[in-house]
Structure formats: structure tokens, C-alpha cells
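# Descriptive analysis of the structure
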Amino acid sequence: MTKEYKTITEIAGPLIFLEKTEPVGYNELVNINLPDGTTKRGQVLDTSHDIVVVQVFEGTGGLNRDCGVRFSGDTIKLPVSFDMLGRILSGSGDPLDGGPAIIPEDRLDIMGAAINPFSRLPPEDFIQTGISTIDGTNTLVRGQKLPIFSGSGLPHNEIALQIARQAKVPGSEEDFAVVFAAMGITNEEAQYFMHDFERTGALERAVVFLNLANDPAVERLITPRMALTAAEYLAYEHDMHVLVILTDITNYCEALRQMGAAREEVPGRRGYPGYMYTDLASLYERAGVVKGRKGSVTQFSILSMPGDDITHPIPDLSGYITEGQIVVSRELHMKGIFPPINVLPSLSRLMNSGIGEGHTREDHKAVSDQLYAAYAEGKDLRGLVAIVGKDALSERDKKLLEFADMFEDRFVRQGPEEDRDIETTLSIGWELLAELPESLLVRIDNKFIEKYHPAHKK
Amino acid sequence: MEIKGEIFRISGPVVTIQGVNTRMYDVVKVGNEGLMGEVIGIEGDKSIVQVYEETAGVRPGEPVENLGMPLSVELGPGLLESIYDGIQRSLPILKDTMGDFIQRGVMIDGLDHEKPWEFKACVEAGDKVSGGSVIGVVKETHNVDHKIMIPPNISGTVAEIKEGTFTVVDTICTLADGTQIKMMHKWPVREPRPVSKKLPPNIPLITGQRILDGLFPVAKGGTAAIPGPFGSGKTVTQQQLAKWSDTEIVVYIGCGERGNEMADVLNEFPELEDPKTGRPLMERTVLIANTSNMPVAAREASVYTGITIAEYYRDMGYDVALMADSTSRWAEAMREISSRLEEMPGEEGYPAYLSARLSEFYERAGRVVSLGGLDGSITIIGAVSPPGGDFSEPVTQNTLRIVKVFWALDAKLAQKRHFPSINWLSSYSLYSKALTQWYDENVSPQWTELRDDAMDMLQQEAELQDIVQLVGSDALPPDQQLTLEITRLIREFFLQQNAFHPIDTFCPMEKQYQLLGAIQKFSDKANAALESGVLIQDIIKLKSKDELAKVRFEEDFDGSLKKVMDNMDKEFDSIKGELFAEGATQEVE
């Protein structure tokens, strides 16, 4: 058994400082025994011959200088097993559902290791989410990381759940799992997720990690890593296609900032630590497909933009790591449209490799480009109409204006339970485009118009 | 000198060691696993080391060893066709030795020490040699002769030279003072390789891309920055440069980019064909890939690793194109390490030395006479990715202060399907003046004037477009309507270029000159016609000018251009003729 130290010299926020220890490893797991018999866990943040700094996951409440500290001699590992599916675990991996402890098949380091870029397979398998604005114009592919950029009070949770329910690769019956990690969300939100998982039976093929708003903020730093470790295990050892939902990245970054401040680090932009980019990359980059392995990890994180500001450091740095983003719009939400996804600032960088012949349909790209262009122009015209009135518009512009309204009403709007396959999505697209004069369809090849345009189709 | 000591403190990638004599930038092996690190600070008897690998689990008291030399790369045959990480470890070999995930504590040689190469000597015993002297040649790949040089800091008289099959670590030459020369030598990455003289940037890098060569040329040995907003076709532009620019060697550094995108590059590059030789492009390419989740210190080093390899080939007398994608991610790495060192931050948290580091890097570009007396060059094309597309942020601003060429990729143009989507109003090149003489001698004395006229017209167009938006083009006077028509020709027939068309993908200078000249000729004729009273509508209706569009796709460029120009002459004659006839009829009446 390892030594217990009673040499705490200082406690500051979530950190404790110890001295006169034997050599302690960086990032080592620490157990702290409180005088009342309870145990808390922590992780070594800084270690030297003089002093060791430990961040305590469960918070430093109740700690004093009499606490005993034991160093485990090992970094934080997550016990993993195939039986994790269907389980609800705490933000640090302990069962919350009253079930037995997980009997580990393996214990994996939660920090993970970077995938060798040479071993990666460029993602190209189309995932059908059943949501037109995603499948049609911002297609998700296996191995991608595509966050939802949302704001407070917007229905991002509903969208995430709908995706978790409906996501599949058409025509393939491969094993599919969801790993859900909640970071600092409210109990109410967590209940909502859990209820929906149970209602739809999705829980059976899901692993849930819950760190709620009243759980210690420090724990949020390990929750997503636990979730991703579980996901990698299921993907690479059990050949499953895993969809990881992390919510909410903003809470994670707040915790990161809190830790930075407690360690008296030099702050970067808006007080967030300078290493936030690398730290976020170490989460997001754990999505991907590896050559020669059957499973894959796809990430769908939720990020609420403080003040709906897309240039805030959190969405900004995320956008530089993730392969696009789905932007939830307050304006559409106010109009009562669900899902209120604004396709214009949304983007999927890997879309082009996942669509077209052999993936979805040959005309997909052309239809998507055309819908995008027409909607962008129609939306621009709304501003003009506000100034000069509708009557001042040309016939062409009036058509485009109408198109923008119809696009929102028929393409964007769909029910929370409505699962549109890609054919349906594209047909709706064509029906809308058919309302425009054919001369405006400059983005679409004539051969596609002849084949798919409702006016030509036999 | 003490070379062994122990770890005192660990905080992420920053490790403090004690009991070792170190010099700045010495490489040390840290801990029981021998993680690689670099000394970046010395305080009393302690040294601060940035470690290139993950440090979880490393304890104070573990041993460290100073390797006594700065971070270096191995230079010799076998560099080409390699895919390295930021510290010259081959990614395919890492995959073989430790699987799909990058583990730590693995040191592998940058070059294959066992592969035999056929060495042909070109000096004899008794010859005097010095740093940079070429002593022999190895056929590295099908089209690249790798010149074996005396390392820069060595000189003497050849005592013995061998010929035949050797590995890179075999001695092939012995100098009179006993110095043994191998095919490989090491060079510290942070130290620029010496040259005997820098040459002025007065030769353009010919890329065959009309907007680049024509309007915004970069000189051989010059520096260019390219911002990469999404969907603007950065990848295609870079690949076109790699494929067509008149350089012998391409070094591509993927620094801190997305794993999936890097995977795309690593998959696509090896499949590209070198259009000049029909051989794989990889045979003259070195790829360096460091994604955003690989250790930050190695990302910081990757840019130096790349430029050192580029300098090595430059010293052989080759023209090298170096692409760094992206320098913004590199700056992020500097920012992160600086914050770990608790340095006082400058603008937006970047270290105060950001500007100095960027300029030091770009300064390693240049056209030079090498120590061995050979002409070579490195052209740096650095991508910047400003957060939120905001060009006022420090990395972009500092880069723009240094580089001489800015190719403003514009997503809006890409959406309009104008490719290459380089915005002609916000791009610039400061080399145009320096290159004038070359154009006069090699293209035509008229070229510079032709180019300046075209630029001028495009500027005018931008102003006119503002008016057109308000009042419509019909309200403009005829000469301005003509300007709009001519600039349309420049944009659509000259600036636009189809990278996927077998002929249009590469447009030699001569063709560019002819094409721009043809548009100019139309402009002159149209202006003259306008003055003599021809209606602008009649000029706009002329068919021959639109036939110009197809000329650039024709195999028989000269023939078809001549045909179009003849047609143009006829058409102008005929509308003038009509005018004259009308005038004549009127007079009779």
C-alpha cells in the first residue's frame, strides 16, 4: 500500500498543495481521505521535489490540513467493458444507476493517444440523421466531429436527441452505439435526456456519463475524456460505430478557465488559458476512422455560444478544430420553426466526400448548392423589402423571396419525430426548386434537371 | 561536463531538470522512458525543458540525459517520399512500431540507416573540398539526383573517396585530417544553413496559373501568404503550385491541422502525378504532418524541421517550394508554450517574440549561391488561418508585414464558381518591379505595361460596379460600358482557369502574354470604333471576342488564336463598314 501523507500546506479553490512527498508522477490519480471517513479523488497537476499540486475532482469542501493524501502511482484509467452499454455513470465513471460496478475487460488511460495521421482513413460514409437541413445541406459523415453551435434557450437538446435516435448509415446493419457525456448541465436537462433514452429504448445501446451543474467543476475536465475512452474502446475493440454526444462544451471551457485561474496561470483571450486550443483539440481530435479497423468515432458536441457570439473564444477555437458546425438560429426559433437550423452559417467540411453517386445521390451536391444559393439570395432580399417594399421587386426577386419563406417552412421545418430519408429530403428540395424559374437553376447540370426536376420527371 | 541529471519538476510539457550542464536548445532525454525534449531556459543549476511527448506519469527524480546537441534533422538520401511528424520521425514507421496510436518514448532515425544507395563520386583524392562542395551523386528517386555535399563546417583535402553501394552511415570519403564523411549529416533545425551569398529575387516562380504569374507573381526565393477561409479552394491552389511551379522539390508542412484533413492530404499527395515527368509527385516531395492533438512542442518544431530539409535541397542547387499550412497553428503552439513558461504575454496572449520568430522563419527563404557555388532557392508559401476571418489579428498582421505577396483567397468568388478564387482587388505582389527586367527579356517588353493596364481596368471596374448596382449598366456612358465588357473578358478568359482541364491547367508565360495581348487588342479596336461612332451595343454583340474564351482550351493555341483575331478584324471592319455605308447613304439623301 502506498504511503499516506499529511503534509497539505495550502488549499486554494479546487487545488491542494503538498510538500515533502516521495516522487509523484505527473497526472497521477490521488485519493484524499477526509477526517470524516469519506474519500475524494484528484489528479496531480504539477509535481516537483518541493511541492505537489493536486486538483480535487469532487471539490475541496470539507478538506483541511489533517486530510491524508495517497498517490495511486498510476494515471487515471477507466475500467471498460462491453457491458458498459446501457449503464449510467457519474462524471468520474462510477455507476449511478444502482447497478453493480463494471467488471473491467481492460483499464484504459483516459487521456488517450493521438491517432497517427498516417493510420487515419479519410471519412466518407454518409450518416443519415433524418434531418433535412443536416442531411441535405450539411451532411455528416462517419468519423467527423460536427458540433452544434447554439445559444441559451434554444432547442439544441431536442436536436441532439433527434439525431441520436435517428442517425444511421442507410443500407448497413452494423453495430451502433451512443456515448453521452453531460458536463455541467442541469438535473432537469439530464432527466430530459434520460427519459428520452429510456422511452425510445436507446439506453440499451448507450453509455451515459453525467456530471451535473451541482457536481464539482473540476470533474468536468475528465468527464469527456472518460466518455471518449469508452467510445474508442467500443469502436476499436468491438467494431461499433459510436456517436459521441458531449454537452455542453462551454461548461467544459469554463471549468478549464476556473482551473487556470486557481493555478494563477497567465490568462489568454478573455481569461481562458492559452492552451485551450490544444486542450480542445485533444477532445475533438479523438473522432475518426482508423485504417483496418471496422468501428468509428463520430462526435456531435453541443456548444452554447455566450451571447450568441460566434467570435467568442470557445466557438472560435472549436471551429478551427472541428470539421464544420451546425448553427442553431434564434430568429428561426422565434418563428416557431423546428429544428431552427440556419443553413447559411452552418457547414460540414467533409460533406463533399460523403455525398454524390455511391454515397447518396448523384444530384445531391448540385441540389444543395442551388438551395443554398437561392435561399441566401432570398434572405438578402428580405432586408431590401423592409426598405423599399415588396412591390418594388422584380418578378425574379419576388420568386426568390417566396422561395426563402417556403424553404424555411418546408425544408427546414420538420417534426421532432419525423425521420426523413435522403430521398425525401432531396425530393423536397426539388419541389421547392421547381417553384423557381428554370433559368435561375444555374448551379444544376441540365442532365440532372431533366432527370429529377418535377416538371421533366415522368 | 555532466550529461546526466534528474527531473526536478513536471508541469505538462514543461519539465525542469537539475544537475545537468546544458546549453540552450540542447536535446535531452527525459525520464525512464527517454522522452525527447529541448532546453528552452536555464535558471541557476536548473534547466527548463519542453518535452515533445506526453508527460503523464513521469516523476521527479527520474533520470535525464543531455545528448549535447540541439534538435537536429538527419540530412541525406531517403528524405524524398517520406512522411514525417514534427521531429522527423517517419509516420509509416511509427505505425509499424507502435500501432495506430502514437505512443511515447520511441526514437527513430529520420533516415533509413540500412538502405543501400548507389554512390558515384565526382572528386578525386587530392582535391580540395570545403563546406557545400559536392563530392558525389546518388540517384535518390527517378528524377532527382541527390548531391552528396561536405557538411557546411568542414573543409580539407580528400585523402580517399569510395564509389559503389553504401548506406547513409558508411564512410564514403576521408579527408587528409582523418575526418570521415558519410552520405548523411545532422543539422540543427533552428539554425539556418549558411550560404555564400543571397541573390536578389529577380526571377519569377512560374506556376502556370494566370492570376499568379500574370497579376501577382512571386519571385523564386520569395515569400507569399495565403489565407485559407473554408471553401475557397486552398487545397487545389496548393496542389496546383506543388504540381506545376518550376521547382524541383516540394516540402509540405501540415502544422496543427485537423486529423481528418491531414489524412486527406496524406492519401491524395501520393496519388498525384508530376505532370512534367509522369512520375508520382511524391518522388520529389517531403511531407511533414503534425495534427492539432499531437504534442504541442513537436508542432512548434515542425516548421523548423521542414525549412531545414528545404535548405538542404537548396544547397544542392535546387529550387524548392515550401508550403506551411498553417503558420497560425504554429503561432498558437508558440503561444501555448510561452504561457506554460509564464512569460509576459503580448497581443492576444501571443508571446512578444512572435513577430521576430515569424520574420526569422520567412527570412530563411531566398535565392542564394550555396557554399558549393550552386544557385538554389526556397520559396515559402505560408497559409494563415485568422480566427473568424479577422485579418487584424496578430499572426496575420505580422505575417503581412514580412511577406511580399498576398494571395487573397475569397470564399465569395468560390461560391460564384470563379476559380482560382483569388481576389484581384485585395491581393498584391511587391515583386512586380523587381521582375520587370526578367519579363522584358523573357516574355516581352510590352508585358509589364499590359499587366498594369489590366490591373488598372480591374480597379476601374470595381468602382463602376458600385454605380451599376445603383443605376444599372445602361445608364453608364458608352466608354465605361466598354470598360465593363473588357474587364469581363479579363476576369472570365484570363483570370479564371480550370485546374482540371488537361490544357488549361497549365498556362505558360508566352500563352498568358498572347491571351492578355488579344484582350488588349480588342480593347484598342473597340475604343477606336467607339470614337468613330460605332454603337456600344454593336461592339458588345461581336462574336469573335467570346470565341476568345475557348482559345485557352485548344491544343493548337496559336492557330486558334490567330483565327479568332482574324475574325475580330473582319467583324470590326464590317461594323465600321456599315457605319460608313450608313453615313454615305445619309449624305446621298
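Scroll up to find the structure.
Scoring rules and cut-offs
- Residues numbered from 1 in each chain as written.
- Chains lettered and ligands numbered in written order.
- Predicted model: local features only at pLDDT ≥ 70, side-chain atom pairs only at ≥ 80, totals over all residues.
- Heavy atoms only, no water.
- Helix = DSSP H or I, 4+ residues; strand = E, 2+ residues; numbered from the N terminus.
- Buried < 20%, exposed > 50% of the residue type's maximum accessible area, 1.4 Å probe, protein only.
- Contact = heavy atoms within 4.5 Å.
- Areas by Shrake-Rupley, 256 points an atom, 1.4 Å probe, with all protein chains shown as cover.
- Lys, Arg positive; Asp, Glu negative; His and termini not counted.
- Charge placed at Lys NZ, Arg CZ, Asp CG, Glu CD.
- Pairing = 2+ DSSP bridges.
- Core = buried A, V, L, I, M, F, W, Y, C linked by side-chain atoms within 4.5 Å.
- Phe/Tyr/Trp six-rings, centres within 6.5 Å; stacked < 30°, edge-to-face > 60°.
- Lys NZ or Arg CZ within 6 Å of the ring centre and 35° of its normal.
- Axes fitted to C-alpha atoms, helices over the stretch in contact; angles between N-to-C directions.
- Parallel < 35°, antiparallel > 145°, perpendicular 65-115°, else oblique.
- Left-handed = near helix turned anticlockwise from the far one by under 90°.
- Nonpolar A, V, L, I, M, F, W, Y, C, P; charged D, E, K, R; others polar.
- Salt bridge = Lys/Arg side-chain N within 4 Å of Asp/Glu carboxyl O.

Our focus in this paragraph is the overall build of chain B. Regarding its fold elements, chain B presents 16 helices and 26 strands. Considered along the principal axes of its C-alpha atoms, chain B spans approximately 110 × 55 × 40 Å. The buried share among the 589 residues of chain B stands at 57%. Long-range pairs, those at least 24 residues apart, make up 70% of the contacts in chain B with a sequence separation of at least 6. Looking at chain B as shown, the accessible area adds up to about 23,100 Å², and 50% of this sits on carbon and sulfur atoms. Looking at chain B, you have 58 positive and 89 negative side-chain charges, and the mean spots of the two groups are 2 Å apart.

Once that is clear, we can look at the environment of D369 of chain A. Mapped onto the elements, D369 of chain A comes out in helix α10 (residues 364–388). Taking the C-alpha atoms as reference points, D369 of chain A and G136 of chain A, separated by 233 residues in sequence, lie 9.9 Å from one another. When near neighbours in sequence (up to four residues on either side) are disregarded, D369 of chain A contacts R443 of chain A together with R417 of chain B.

Residues and elements named next belong to chain B. Sheet architecture is open: four strands sit in the order β10-β13-β15-β16, paired in antiparallel fashion. The sheet is open, and its two borders are formed by β10 (128–129) and β16 (180–182), each paired with just one other strand. For strand β15 (residues 171–175) and β16, the ladder comprises three bridges, and the chain directions are antiparallel. When the bridges of β16 are listed, T171 appears paired with K182.

Looking now at the nonpolar core. Residue and element names in this part refer to chain B. By size, the foremost hydrophobic cluster in this structure holds 81 residues, and its most contacted members are F269, W407, I490, F522, I539 and L548. It is helix α13 (residues 509–531) that provides the largest number of residues to this core, a total of ten residues. Not counting chain neighbours up to four residues away, the residues in contact with F269 comprise A242, Y252, L281, M282, T285 and L287. Formed by 74 residues, the second largest nonpolar core is a distinct cluster that contains Y52, F166, A310 and M316.

Here we come to unusual backbone geometry. A cis amide bond, omega 5 degrees, links T247 of chain A with the succeeding residue D248 of chain A. Of the consecutive residues F419 of chain B and P420 of chain B, the connecting peptide bond is found in the cis state with omega at -10 degrees. With respect to the helices, strands and loops of the structure, P420 of chain B is situated in the loop between α9 (411–415) and β26 (428–429). One non-glycine residue, E342 of chain B, lies in the positive phi region at around 55 degrees. Mapped onto the elements, E342 of chain B comes out in the loop between α6 (327–340) and α7 (354–363).

On to the packing of aromatic side chains. The final tally for this structure, using the stated rule, is 23 aromatic pairs over all chains. Look at Y192 of chain A and F193 of chain A: their rings are 6.4 Å apart centre to centre, the planes differ by 75 degrees, and that puts the pair in the edge-to-face class. Ring pairs connect the aromatic residues F180, Y192, F193 and F197 of chain A, which therefore count as one cluster. Against the face of Y272 of chain A rests R257 of chain A, its NZ or CZ located 4.2 Å from the ring centre. Above the face of the F8 of chain B ring, K46 of chain B is positioned so that its terminal group lies 4.6 Å from the ring centre.

On to the packing of helix α12 (residues 478–495) of chain B against α13 of chain B. Residue and element names in this part refer to chain B. The N-to-C vectors of α12 and α13 enclose an angle of 165 degrees; their axes lie 11 Å apart at closest approach. The orientation of α12 relative to α13 falls into the category roughly antiparallel. Remark: the crossing between α12 and α13 carries right-handed chirality. Taking contact as the criterion, the partners of P478, D479, L482, I486, L489, I490, F493 and F494 in α12 are, on α13, Q512, L515, L516, I519, F522, S523, A526, N527 and L530. Tallied by class, residues from the contact of α12 with α13 come to 13 nonpolar, three polar and one charged.

Once that is clear, we can look at the pattern of salt bridges. Following the criterion strictly, the structure yields 69 salt bridges over all chains and no others. Put simply, K145 of chain A and E285 of chain A hold a salt bridge, and the shortest N to O gap is 3.7 Å. Taken as a pair, K145 of chain A in the loop between β12 (140–141) and β13 (148–150) and E285 of chain A in the loop between α6 (276–284) and β17 (288–289) lie far apart in primary sequence, 140 residues in all. Like E285 of chain A, K145 of chain A is buried. Put simply, R193 of chain B and D315 of chain B hold a salt bridge, and the shortest N to O gap is 2.8 Å. Here D315 of chain B lies in helix α5 (residues 296–315) and R193 of chain B lies in the loop between β17 (185–188) and β18 (197–199), a separation of 122 residues in the sequence. An identical accessibility class is assigned to R193 of chain B and D315 of chain B; each is buried. Salt bridges sharing partners connect three or more residues here, namely E485, R488, E492, K545 and D546 of chain B.

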